[in-house]
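Chain residues, written in single-letter form:
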Amino acid sequence: MAKTKGRVTLPSESGFLEQTQELLDKWGADALRDSDGTKLSDEIKALDAKIYTTYFVARGHNEFAKEHMDECQQLYLMSKRVTAKSPHLELDFMDGYFDQQVVPDLNHDPKKWWEVIDRTTGEVVPPEAWELAGASDEADAGEMGAAASDGTGAAVDGAGAAVGGAGVAAGSAGAVAEAGQKPGALLVVLKHAVPWHEYTVSFLAYAIWDPTQMYNHITNDWGDKPHEIPFDVRQVNSGQFAKDYLVQWLKDNPSTDVVRFTTFFYHFTLVFNDKAKEKFVDWFGYGATVSAKALKEFEQEYGYALRPEDIVDNGYYNSTFRVPTKAYRDYMDFIQRFVAKKAKELVDLTHEAGKEAMMFLGDNWIGTEPYGKYFPSIGLDAVVGSVGGGATLRLISDIPGVKYTEGRFLPYFFPDTFYEGNDPCPEAVENWLCARRALMRKPVDRIGYGGYLSLAYKFPKFVDYIEHVTDEFRELYDNIGGSKPYCGLTVGILNCWGRLRSWQPYMVAHALWYKQTYSYFGILEALSGAAVDVRFISFEDIEEHGIPEDIDVIINAGDAYTAFSGGEEWLDIDLQATIRKWVAEGHGFVGIGEPTAIHSGGRYFQLADVLGVDKELGFTLSTDKYFKTEQKDHFVRADIRNGETGAGVAKAETDAADAETGAAPKTQAGFDFGEGMKNIYALYEDTEIIEYSNHEVHAAAHDYGEGRGVYLAGLPYSYENTRLLMRSLYYAAHAEDRFNRWYADNLYCEVNAYPETGKYAVCNNSGVEQTTNVYDGEGNCREMTLEASEIRWFEI
């Protein structure tokens, strides 16, 4: 492979000049960046490279923040559920929260902004029926009801606030600390609770430690380094400060070429427990956007007031898995418009200074959803994000409306990976090969790494492997040349979020493995590198505009009642009829897990007639179920090799990964449905049962008019399941005759064709040599052998 240069960003740090130059040359990097916790020296900035500088808009300015603690960012939090055992009930609402991260807001009248709820009945306890008690009566009224941290955990700059209507002078966290009490000593007291009912408090809190800096602080053992206090740019002083500081910063940093906003204003919802461990994390959560000011402005604009419960949501906090309410949708739109407007102001200032504006897709990214309708108005030059695999790569690379995209590959150069005795190469290899599938479909324009370069430098084998990665990236990017690859089908993924959450369904915390999601996230990972065009559509899209004409197959997948399966959306009879008609006219519908599921009208899967299967809930156990015969030679299962996956080493690697993650065992030799789905049965004699075991169906197909439905019980990511999904899609679309175009019959190999550039590539996605039959666009076949992880390019 010829040595090339460019399209690579290298992290560096002061005191590492010679080694930085060495790796610039070795990896062909053309840009340098700092990381959280590092700075670039003037000598490093003078190297022949573009300079990225991390910029935090709403954190890292403690001198200002401590003078305006009443403008700290806020959250609504819900206390633990407490069961009343007598009419007198005391709720320690801060119990379980980390008081170095969040403290109660006593600046705004709790009787107005908080809610005490009888969770047994769902009724709100009237404000006059509870009191706030436990703080010092000597607290000075009118001061900020929160404490900042000076890095040692000591409370500073806090005094008290009078609690209007409560009859108790409740002190702030700072005043309580001065009185010798911990902040958790504040209590909500009910004198007329109903015994044996559960109660909670939904309360406004101030965030006094940025959660990303907190995570890095703890992970990297930063000791007494000050805790960075996040402030809210919706507030008057903070909003002006954000602009004024940037203007001066741009003047003070003339060597910066790219301002890397990390990100803008509001962090995704990340709350820690009293052990400084993550308590609640939602990478899409809007919890940290809430403030009394925001709620007032929302009411003025929309004509109705949000309740604390609209944010707290029974303790679910409107997780992305929840079917969104109208109120929450309105609130998201409200925040997105505000963030886009304010972010544009900062981007415009950056451009006026002659610099590029780049957004990091993470940390404080809430409101900047890159597939949202307001994102283009921000005017960003670039987006950079962390690449966990193929799906997150496509999440970045598909972003419209920016000049270029950049992927931050794993592992980060942090001491939790780069320590004596550990080998970081396996993680780097896995990350690259997973992401490379997606790069072949839609590459990012640049790649890079983050963390401490001095740590990575100590691992020569890793340094050599990244040299291979950077050269291979440039080779594939140059060959693809921005062209659109061949797509055999257009697939629509149907859920509540649609385009807004493109490549983001089933994620909890940026594609980390979860037991209840990996069986669905595999769908995205498989599609990220597959020869299909992928669209994300919502129920609202279909209701308003119908099904797009160019979609061949719809996928609906997820657990029942989640936003991804759809829950109550499937009670819409017009939606049901629209999709039934569309399938009958010759299209495909693939359901995975509990598709279209909600118990109504004697059905659990509302499109059971399309899929040919339903789920037994126990209500029809008296009805005999005769249809159990598998079709062993079915098109969909043609690549299932009775447990033989074609490469012993690759199979061993897969089995080891399964053991590490705790994945469920394969249902039957060769099939892996992950957690699977129990008690699925065939409804009709003409339901084609593709897999039947344990007295239940796990894969099936069913003709429906001129179209088809296909059902799968789950789809964890694997090479075999990628092929299973592709065959399901083609079968559902009645397109079996097109399956062998630009195709490799070996599970571990894939073909990507680029008609616009006249090239095609055959990829070996495994770590061992593979032999495969390769079919071109006309179905002509030839055999070839590829070395481990090789890409071979050809002219069409």
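Residues numbered from 1 in each chain as written. Predicted model: local features only at pLDDT ≥ 70, side-chain atom pairs only at ≥ 80, totals over all residues. Heavy atoms only, no water.

The next subject is the packing of helix 11 (residues 390-397) against helix 15 (residues 518-528). Contact pair helix 11 / helix 15: the axes reach a minimum separation of 7 Å and the direction vectors enclose 65 degrees. The way helix 11 lies across helix 15 gives a crossing that is left-handed. Contact with helix 11, carried on its side by Gly390, Ala391 and Arg394, involves Phe521, Leu524, Glu525, Leu527 and Ser528 of helix 15 and no other residues of that element. For the contact of helix 11 with helix 15, a count of residues per class yields four nonpolar, two polar and two charged. (Axes fitted to C-alpha atoms, helices over the stretch in contact; angles between N-to-C directions. Helix = DSSP H or I, 4+ residues; strand = E, 2+ residues; numbered from the N terminus. Left-handed = near helix turned anticlockwise from the far one by under 90°. Contact = heavy atoms within 4.5 Å. Nonpolar A, V, L, I, M, F, W, Y, C, P; charged D, E, K, R; others polar.)

With respect to the secondary-structure elements, Pro308 resides in helix 9 (residues 308-312). Spatially, the C-alpha atoms of Pro308 and Trp114 are 6.7 Å apart, while their sequence positions differ by 194 residues. Ignoring any residue separated from it by four or fewer positions in sequence, one finds Pro308 in contact with Tyr76, Trp113, Trp114, Glu115 and Ser202.

In the predicted model, the protein carries a mean pLDDT of 90, and 90% of its residues have values of at least 70. In this model, residues 135-184 is a region of pLDDT below 50 whose contacts with residues beyond four sequence positions or in other chains number 125 contacts. Predicted confidence is poor over residues 643-667, with pLDDT under 50, and the contacts of this stretch with residues over four places away or in other chains come to 33 contacts. (pLDDT = per-residue confidence, 0-100.)

What follows covers the pairing of strand 30 (residues 688-693). The buried count for strand 30 comes to six of six residues, which makes it a mostly enclosed element. Where strand 30 lies against strand 31 (residues 696-704), five bridges are found, and the strand directions are antiparallel. Opposite Glu688, over in strand 31, you have Ala701 as the bridge partner. (Buried < 20%, exposed > 50% of the residue type's maximum accessible area, 1.4 Å probe, protein only. Pairing = 2+ DSSP bridges.)

Before going further, it helps to examine the sheet that holds strand 19 (residues 382-386). Taken in spatial order, the eight strands of this closed barrel run 1-2-3-15-18-19-20-21, and their pairing is parallel. Within the sheet, the average angular offset between the axes of one strand and its neighbour, ignoring direction, is 25 degrees. Relative to strand 3 (residues 50-55), strand 2 (residues 31-33) is paired through three bridges, and the arrangement is parallel. Paired with Ala31 across the strands is Lys50, a residue of strand 3.

The buried fraction of strand 24 (residues 553-558) is high, at six of six residues. The alternating pattern of strand 24 places Val553, Ile555 and Ala557 on one face and Ile554, Asn556 and Gly558 on the opposite face, and all of these are buried. Looking at chain direction, strand 22 (residues 489-495) and strand 24 are connected through three bridges and run parallel. Within strand 24, the residue paired with Val491 across the bridge is Val553. Bridge count between strand 24 and strand 25 (residues 588-593): six bridges; the pairing is parallel. Bridging across to strand 25, Val553 finds its partner in Gly588. As a crossover connection, the stretch from strand 24 through helix 17 (residues 573-584) into strand 25 is right-handed. (Right-handed = clockwise from strand over helix to strand, strands pointing away.)

Time to look at the packing of aromatic side chains. Counted by the stated rule, this structure contains 56 aromatic pairs. Between the aromatic rings of Tyr55 and Trp249, the centroid separation amounts to 4.9 Å while the plane-to-plane angle is 65 degrees, which identifies the pairing as edge-to-face. With Tyr55 in strand 3 and Trp249 in helix 7 (residues 236-252), this residue pair connects regions lying 194 residues apart in the sequence. Taken individually, Tyr55 and Trp249 each receive the classification buried, so the pair is uniform in this respect. Centroid distance Phe231 to Phe241: 5.7 Å. Interplanar angle 80 degrees. Geometry classified as edge-to-face. Of the two residues, Phe231 is situated in the loop between helix 6 (211-219) and helix 7 and Phe241 in helix 7; the sequence distance between them amounts to 10 residues. Pairwise contacts between aromatic rings join Trp27, Phe409, Phe413, Phe418, Trp432, Tyr449, Phe459 and Phe462 into one cluster. Positioned over the ring face of Trp113 is Lys112, at 4.9 Å from the centre of the ring. Cation over ring: Arg727 sits above Phe635, and NZ or CZ is 4.7 Å from the ring centre. (Phe/Tyr/Trp six-rings, centres within 6.5 Å; stacked < 30°, edge-to-face > 60°. Lys NZ or Arg CZ within 6 Å of the ring centre and 35° of its normal.)

Turning next to the side chain of Asn556. The residue Asn556 is located in strand 24 in this model. Owing to a relative accessible area of 0%, Asn556 belongs among the buried residues under this scheme. One polar contact links the side chain of Asn556 to the main-chain carbonyl oxygen of Leu494, over a distance of 3.1 Å. Those residues in contact with Asn556, other than ones at most four positions away along the chain, are Leu494, Phe539, Phe564, Ser565, Trp570, Phe589, Val590, Gly591, Ile592, Pro595 and Thr596. (Polar contact = N/O pair within 3.5 Å; in protein donor to acceptor, adjacent residues only side chain to side chain.)

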